[in-house]
Amino acid sequence: MIDIENKIIYGDNLEILKKFIDKNFIGKVDLIYIDPPFSTNNDFIVNDRISTISMPKNGNIAYSDKFSKNEYLKFLKERLILLNHMLSEKGSLYLHIDVKIGHYVKILLDEIFGEENFISEITRKKSNPKNFSRKAYGNEKDTIFFYAKKKGNHIWNDVTIPYSDEELKVKYPKIDNNGRYYNTVPIHAPGESLGETGAMWNGMYPPEGRHWRTSPKELDRLNELGLIEWSNTGNPRMKKFADEHKGKKIQDIWLNFKDPMYPIYPTEKNSDMLDLIIKQSSLENSIVMDIFAGSGGTLISAKKNKRSFIGIDNSEVAIKTMFSRGLNILSLL
């Protein structure tokens with residue numbers, strides 16, 4: 001068995017994954033995030049001034065992304081098969097890809113992880129609007145495919161984001177005597193009940209086909225506390241306060257996670273986005289894996305959020321970049 005206390009491994013990720021499998025390190029990883037090459041047919045260059053897809057005359061190749069489509073899909077499939085073995089029964093995979101090759105990758109993921117384990121296709125705004133001269137719409141988005149090893153069993157922490165002040169005022173338009181913003185919701189819910197939630201309360205039964213959200217005894221308590229509001233026609237509704245709301249559910253269009261304007265490594269991803277993925281789909285002390293570790297952003301987010309990590313990359317530039325960010329943990333299997 002392999003001892004994991006945060007590892008960065010330099011080398012071919014396919015061969016390293018095979019070694020993990022050979023050493024019976026199977027089903028141990030709770031979260032895999034990968035941002036593989038996108039089959040762009042480009043080399044990604046770094047020099048003292050820039051770290052982009054640009055083609056300066058002088059610089060070092062951070063990584064090469066020159067594949068034919070078939071070569072690329074074979075390259076990715078070999079690695080995804082092994083990654084599927086690495087995931088725990090409660091694990092998840094997030095795969096970051098662009099729109100040109102993403103639909104082919106989705107078919108691979110369905111084949112390897114199972115259509116039934118597909119969770120979401122996330123659209124991320126990656127940049128500011130483009131004004132290039134091509135006869136096309138500007139491209140400011142990419143895609144993240146989210147799969148579970150076993151849908152329904154996967155870690156999901158239901159991370160939410162706060163409402164803005166403006167959103168709260170719309171969602172909670174009323175103000176009570178203490179200055180608290182609130183709205184009201186029905187005290188009944190769909191479905192009939194033969195138990196206590198279907199019994200008479202305050203001289204009335206729940207509407208036909210519905211039941212009380214809680215027991216009549218609890219409704220009495222809420223009413224005594226002034227937490228039920230009565231309309232002029234005698235219709236009761238439960239008060240919900242803005243300051244008790246845990247936030248809004250995160251949707252599958254991400255607008256606030258654009259790439260860094262001045263990356264330290266080509267295709268470096270937004271650190272807040274990586275934090276969100278790690279908080280949402282892993283637990284403290286979970287193992288997080290990134291086999292295209294690049295600048296080490298996934299590993300830094302994992303460490304910051306008290307997760308263990310495994311990072312793999314075959315680029316000397318990547319390893320040096322990670323070292324410069326304090327991830328000087330080069331390991332061997």
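So, here's what we can say about the structure. Numbers given to residues run from 1 along each chain, matching the order in which its sequence is written. In keeping with the predicted nature of the model, local features appear solely for residues at pLDDT of at least 70, side-chain atom pairs appear and are counted solely at 80 or more, and the whole-chain, interface and lining totals rest on all residues. Side-chain metrics rest on all non-hydrogen atoms present in the structure, leaving aside hydrogens and water.

All right, on to the sheet that holds strand β8 (residues 141-148) then. On the basis of which strands lie adjacent, the open sheet formed by 9 strands has the order β17-β7-β8-β6-β2-β18-β19-β1-β20 and mixed pairing. Each edge of the open sheet carries a strand with a single partner, namely β17 (253-254) and β20 (330-331). By the bridge criterion, 4 bridges tie strand β18 (residues 287-290) to strand β19 (residues 308-313) in an arrangement that is parallel. The residue of β19 that forms the bridge with M289 is I310. Contacts are residue-level and defined by heavy atoms, with any inter-residue pair within 4.5 Å sufficient. Axis definition: a line fitted to C-alpha atoms, over the contacting stretch in the case of helices. Angles run 0 to 180 degrees between N-to-C directions. Helix numbers and strand numbers start at the N terminus; a helix is a DSSP run of H or I with at least 4 residues, a strand a run of E with at least 2. Against the sheet, helix α6 (residues 271-281) contacts β2 (29-34), β6 (87-97), β7 (118-125), β8, β17 and β18, and its axis sits at roughly 155° relative to β2. Contacting β1 (7-10), β2, β18 and β19, helix α7 (residues 297-304) crosses the sheet at an angle of about 170° to β19. A pair of strands is treated as paired once DSSP finds two or more bridges between them.

Right, let's talk about the side chain of H188 for a bit. Mapped onto the secondary structure, H188 falls in strand β12 (residues 188-190). The exposure class assigned to H188 is buried, which follows from its relative accessible area of 16%. Accessibility here uses a 1.4 Å probe with only protein chains present; expressed as a share of the type maximum, an area under 20% marks a residue as buried, one over 50% as exposed, and anything in between as partly exposed.

Before going further, it helps to examine helix α3 (residues 102-113). The span you would expect from a helix comes to 1.5 Å times its residue count less one. Spanning 12 residues, α3 covers 16 Å between terminal C-alpha atoms, matching the ideal 16 Å at 1.5 Å per step. Among all positions in α3, only G102, V105, K106, L108, L109, D110, I112 and F113 are buried. Lining the buried residues of α3 we find α2 (69-86), β6, β7 and β8. G114 sits one or two residues past α3 and shows a positive phi near 95°.

What follows deals with the packing of α2 against α3. Interaxial distance between α2 and α3 falls to 10 Å at its minimum, and their mutual angle equals 30°. Of the possible angle classes, the one that applies to α2 and α3 is roughly parallel. Crossing angle aside, the handedness with which α2 passes α3 is right-handed. Contact residues: α2 offers K69, Y72, L73, L76, K77, L80, I81 and N84, while α3 offers Y104, V105, L108, L109, E111, I112 and F113. Asp, Glu, Lys and Arg are counted as charged, while Ala, Val, Leu, Ile, Met, Phe, Trp, Tyr, Cys and Pro are counted as nonpolar; the rest, among them Gly, fall into the polar class. The residue makeup of the contact of α2 with α3, split by class, is 11 nonpolar, 1 polar and 3 charged. Working definition: roughly parallel below 35 degrees, roughly antiparallel above 145 degrees, roughly perpendicular at 65 to 115 degrees, and oblique for all remaining angles. Crossings are assigned a handedness: left-handed for a near helix turned anticlockwise from the far helix by less than a right angle, right-handed for a clockwise turn.

Alignment of strand β11 (residues 181-186) against strand β15 (residues 236-241), held across 5 bridges, turns out to be antiparallel. Within β15, the residue paired with Y182 across the bridge is F241. Note: strand β14 (residues 228-230) against β15, 3 bridges, orientation antiparallel. Note on β15: the bridge partner recorded for I228 is M238.

Right, let's get into the pattern of salt bridges. The term salt bridge refers to a side-chain nitrogen of Lys or Arg lying within 4 Å of a carboxyl oxygen of Asp or Glu. All chains considered together, the criterion is met by 18 salt bridges. With its nearest N and O atoms 3.4 Å apart, the salt bridge here joins D12 to R79. One end of the pair, D12, is in the loop between β1 and α1 (13-22); the other, R79, is in helix α2, and 67 residues separate them in sequence. Judged by relative accessible area, D12 falls into the partly exposed class, the value being 34%. The exposure class of R79 is buried, given its relative accessible area of 6%. Connected through shared salt-bridge partners, D12, K74, E78 and R79 make up one network.

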